[in-house]
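# Examination of the molecular architecture
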Amino acid sequence: MSRKEITLQIFHPILFSFLSLGLASGAAGTGWIYIIPIVTTFSHILFISSGGVLPSPSNRIRVLRLVFVSLVFFVALRIRSMTAVNLGFLPSQIVQIQGRVIYDSSITAKGNHMMKIMLRGCTTLAGDSASASGIVTVIGSQEQIISFATVVNLKGHFSDGLFIYDDINVLGRNWINSIREYLITKLQYRLAFDSDDASVLSTLLLFGRSDYAKSGIKSLAQNCGCSHILALSGMHLGIIATLSTRVFGKKVFGKAVSFILVFLFVFIAGPRPSLLRAALAFYLSSFQIDGRIFIVFLIQMILFPFSMVELGCCYGYVAVFAIVCLSPFIKGALFQFTGRLSGFLCASVSVLVLSAPIQMLLTGKWYPAAIVASPVAGFLAACSMIMGMLQLTFGRIGILIWLNAHVYSALESVFTFFGTLPSAGWLGYLVLLVLIAMPIVALRIIRRILLKRCGSKILEV
């Protein structure tokens, strides 16, 4: 692979990670985001007009890449215009809003009920009504989780961009939601949800129902930079797909079963950004497509635009970009010095290379302990998820309950131990980059020395 190809392979994930952060944080609505599609479009128009005919396949591929990047950024602008909050009145005048829930609601660590809705209308204290649009976060005291696509009417007031509601009224729920809620209720009952912390964790990993008040393990995971382990993503979907192919085989029947089970898993867990990304990638895995993850990125932007403004979506794509595009280089360098241990560390190190700057921009710190904690916690979370599936299949057998409880205790201990380790800032991130660069530079120096010695011996012969 040439230097240009390596540079391009590293540049693309950084570019798309920056775009994903812009969508999630709201920065994509101003400044540089408008300039990039204009510059890229103008550049490939100049390229085409100057040459008239594209002389080689490599040039055609370059132009296609520029067109693809331009298309992605134009779609990003469209998403920002769709999700930006537009109200018919001043926020201080509004006492009532209506809209559709875009994700299952959740219970925060303080016991508050939180959900995000796509606005449809708003009403003032004087009784005047107007249409509204955009996504707004609402918080209140409702204890029951409300599923996505439910239409609600909320009474309350705006405060610092949030809508604090005092009363909630469900206006409509479609039949698909009724089926989904029925399935979740039956499955939770079979798993004996609420009976112990281990079952709460298994329910979280299987159904995505988030309730901080019932278990403190999410806070422990956050303290060591491992929140992504408990958020439904490609890892959890991969467990479903892998188990189905192991049980039913890898031929046509096994693949068909895995496709169905993955669809049911996403249907029950809800259209969460990372799950949508993983499902699209899974269904496209049957096609031999270069740069599949970037194709998935564009498809998700077009089909599920609301999911792209979630911070979890940003972190998910950053992690995948790092693993797909960066980890081969990092693993190759680390393998010369750490051997098989490089396979254990390269994924979490690669993810931190791209995600640590985002964490520092948002929170001011990142967690070096996640390099070791993530793979260990990921394994234990997978075990908890499998224990939950076994209990759904065979019932709450004593040995399964005992094993699941010990898995939960082990995961809690891992989060507690690594949570005591210090966080780092930009200086620590610079040290991480230097430590990664050192084996890469050392390896290149060693290769040059060997090439010179081998070349001189050949000349002597």
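Residues numbered from 1 in each chain as written. Predicted model: local features only at pLDDT ≥ 70, side-chain atom pairs only at ≥ 80, totals over all residues. Heavy atoms only, no water.

## Digging into the overall build of the chain
Stated formally: In this text, helices come from DSSP runs of H or I with a minimum length of four residues, and strands from runs of E with a minimum of two, each type numbered from the N-terminal end. The rule is simple: take the accessible area with a 1.4 Å probe, protein chains only, and divide by the maximum for that residue type; under 20% is buried, over 50% is exposed, in between is partly exposed. Using a 1.4 Å probe, the Shrake-Rupley method yields the accessible areas, and only the shown protein chains count as cover for residues.
Broken down by element type, the chain carries 16 helices and seven strands. Within the chain, the fraction of its 461 residues that count as buried is 45%. Total accessible area computed for the chain in this model is approximately 23700 Å², and 67% of it derives from carbon and sulfur atoms.

## Digging into the confidence of the model for the chain
We count it as follows: For every residue, the predictor states its confidence as a pLDDT score lying anywhere from 0 to 100. Should any heavy atoms of two residues lie within 4.5 Å, those residues are considered in contact.
Confidence in the prediction for the chain averages 79 pLDDT; 79% of positions are at 70 or higher. Element-level pLDDT for the chain is lowest in helix H2 (residues 32-51), with a mean of 48, against a maximum mean of 93 in strand S1 (residues 94-101). Contacts for the low-pLDDT stretch residues 47-57, under 50 throughout, to residues beyond four places or in other chains number seven contacts. Confidence drops under pLDDT 50 across residues 457-461; counting only partners more than four residues distant or on other chains, this segment forms zero contacts.

## With respect to the packing of aromatic side chains
To keep it simple, the criterion reads: Paired rings are identified among Phe, Tyr and Trp, the last through its six-membered ring, by centres lying within 6.5 Å, and are further divided according to the angle between planes into stacked (under 30 degrees), edge-to-face (over 60) and tilted (the rest).
Scanning the entire structure with this criterion turns up 12 aromatic pairs. Note on phenylalanine 248 and phenylalanine 253: the rings are 5.9 Å apart at their centroids and 75° apart in plane angle, and the pair reads as edge-to-face. When its relative accessible area of 39% is taken as the criterion, phenylalanine 248 is described as partly exposed. Note on phenylalanine 259 and tyrosine 283: the rings are 4.9 Å apart at their centroids and 75° apart in plane angle, and the pair reads as edge-to-face. Of the two residues, phenylalanine 259 sits in helix H9 (residues 252-269) while tyrosine 283 sits in helix H10 (residues 273-284), which places them 24 residues apart along the sequence. Judged by its relative accessible area of 29%, phenylalanine 259 is partly exposed.

## Description of the pattern of salt bridges
Rules: One side-chain nitrogen of Lys or Arg within 4 Å of one carboxyl oxygen of Asp or Glu is enough to make a salt bridge.
Taken as a whole and assessed by the stated rule, the structure comprises four salt bridges. A salt bridge links arginine 272 to aspartate 104; the shortest N-O distance between them is 3.9 Å. A residue pair is termed long-range when its members are at least 10 positions apart, and arginine 272 in the loop between H9 and H10 and aspartate 104 in the loop between S1 and strand S2 (106-107) qualify at 168 residues. Judged by its relative accessible area of 9%, aspartate 104 falls in the buried class. In this structure, the salt-bridge partner of glutamate 181 is arginine 180, at a minimum N-O distance of 3.9 Å. The pair formed by glutamate 181 and arginine 180 is uniform in burial state, with each residue classed as buried. Sharing partners across several salt bridges, the network here consists of Asp104, Arg180, Glu181 and Arg272.

## Concerning empty space enclosed by the protein
Rules: Buried and open spaces are told apart on a 1 Å grid over the protein atoms alone, a cavity being a set of points where a 1.4 Å probe fits but cannot get out and a pocket being an open set with protein on both sides within 12 Å along at least five of seven lines. Residues with an atom within 4 Å of a point are the lining residues. Grid points are joined across faces, edges and corners, and a volume is the space filled by probe spheres set on the points.
This structure, assessed with the given rule, holds two cavities of 30 Å³ or more. Taken as a whole, the second largest cavity encloses approximately 30 Å³ of empty space. Around the second largest cavity, the lining residues are Asp196, Ala198, Ser199, Gln391, Arg396, Ile401, Asn404 and Ala405. Secondary structure elements with two or more residues in the lining of the second largest cavity: helix H5 (197-207) and helix H15 (398-419). When residues in the lining of the second largest cavity are grouped by element, the largest group, three residues, is from H15.

## What to know about the packing of H10 against helix H11 (residues 292-303)
Stated precisely, the cut-off is as follows: Interaxial angles span 0 to 180 degrees and are taken between N-to-C directions of axes, which are lines fitted to C-alpha atoms, for helices over the stretch in contact. Put simply, angles under 35 degrees are roughly parallel, angles over 145 are roughly antiparallel, angles from 65 to 115 are roughly perpendicular, and the rest are oblique. Crossing handedness is defined as follows: a turn of the near helix away from the far one that is anticlockwise and smaller than a right angle gives a left-handed crossing, while the clockwise case is right-handed. Classes in brief: Ala, Val, Leu, Ile, Met, Phe, Trp, Tyr, Cys and Pro nonpolar; Asp, Glu, Lys and Arg charged; the others, Gly included, polar.
Between H10 and H11, whose axes approach to 10 Å, the crossing angle comes to 125°. Classified by the interaxial angle, the pair formed by H10 and H11 is oblique. Crossing of H10 over H11 shows right-handed handedness. Where H10 abuts H11, its residues Pro273, Leu276, Arg277, Leu280, Ala281 and Leu284 lie against Arg292, Ile293, Ile295, Val296, Ile299 and Gln300. Considering only residue class, the contact of H10 with H11 consists of nine nonpolar, one polar and two charged.

## Regarding the nonpolar core
Filter applied, for reference: Definition of nonpolar core: a set of buried residues of the types Ala, Val, Leu, Ile, Met, Phe, Trp, Tyr and Cys, connected through side-chain atoms within 4.5 Å.
Counting residues in each nonpolar core, the largest one holds 44 residues, and the members touching the most others are Met301, Tyr317 and Trp366. Where this core is concerned, the elements lending two or more residues are helix H3 (57-83), H10, H11, helix H12 (311-338), helix H13 (341-363) and helix H16 (426-460). Among the elements that line this core, the one with the most residues is H12, at 10 residues. Ignoring anything within four residues of it in the chain, the contact list for tryptophan 366 reads Leu352, Ala356, Gln359, Met360, Ser423, Ala424, Gly425, Gly428, Tyr429 and Leu432. Among the nonpolar cores identified, the runner-up in size contains 43 residues, and Val262, Met385, Phe415 and Phe418 belong to it.

## So, a positive patch on the surface
Using the following cut-off: Nonpolar side chains (Val, Leu, Ile, Met, Phe, Trp, Tyr) are joined into patches within 5 Å and like charges within 9 Å, using only residues with over 30% relative accessible area and no salt bridge. Positive: Lys, Arg. Negative: Asp, Glu. His and the chain ends are not part of the count. Charge placement uses NZ in Lys and CZ in Arg. For Asp and Glu, CG and CD serve respectively.
There is a patch of like positive charges on the surface, built from Arg444, Arg447, Arg448 and Lys452. Topologically, lysine 452 is positioned in helix H16.

## Details of the side chain of asparagine 177
Formally: Each polar contact in these results corresponds to two N or O atoms within 3.5 Å; when the atoms are within protein, one needs to be able to donate a hydrogen and the other to accept it, and residues that are neighboring in sequence are counted only if both atoms are side-chain atoms.
Along the polypeptide, asparagine 177 turns up in helix H4 (residues 175-190). Given the relative accessible area of 2%, asparagine 177 is considered buried. A polar side-chain atom of asparagine 177 sits 3.3 Å from a polar atom in the side chain of serine 147. A polar side-chain atom of asparagine 177 sits 2.4 Å from the main-chain carbonyl oxygen of phenylalanine 148. Aside from chain neighbours lying at most four places away, what touches asparagine 177 is Ser147, Phe148, Ala149 and Thr150.

## Here's the deal with the pairing of S1
We count it as follows: Strands were regarded as paired on the criterion that DSSP finds at least two bridges between them.
For S1, the buried fraction is high: six of the eight residues fall into the buried class. Relative to strand S3 (residues 113-124), S1 is paired through seven bridges, and the arrangement is antiparallel. The residue of S3 that forms the bridge with valine 101 is isoleucine 117. Taken together, the five bridges between S1 and strand S6 (residues 151-159) define a ladder with antiparallel strand orientation. Residue pairing across strands places glutamine 96 opposite lysine 155, the latter belonging to S6.

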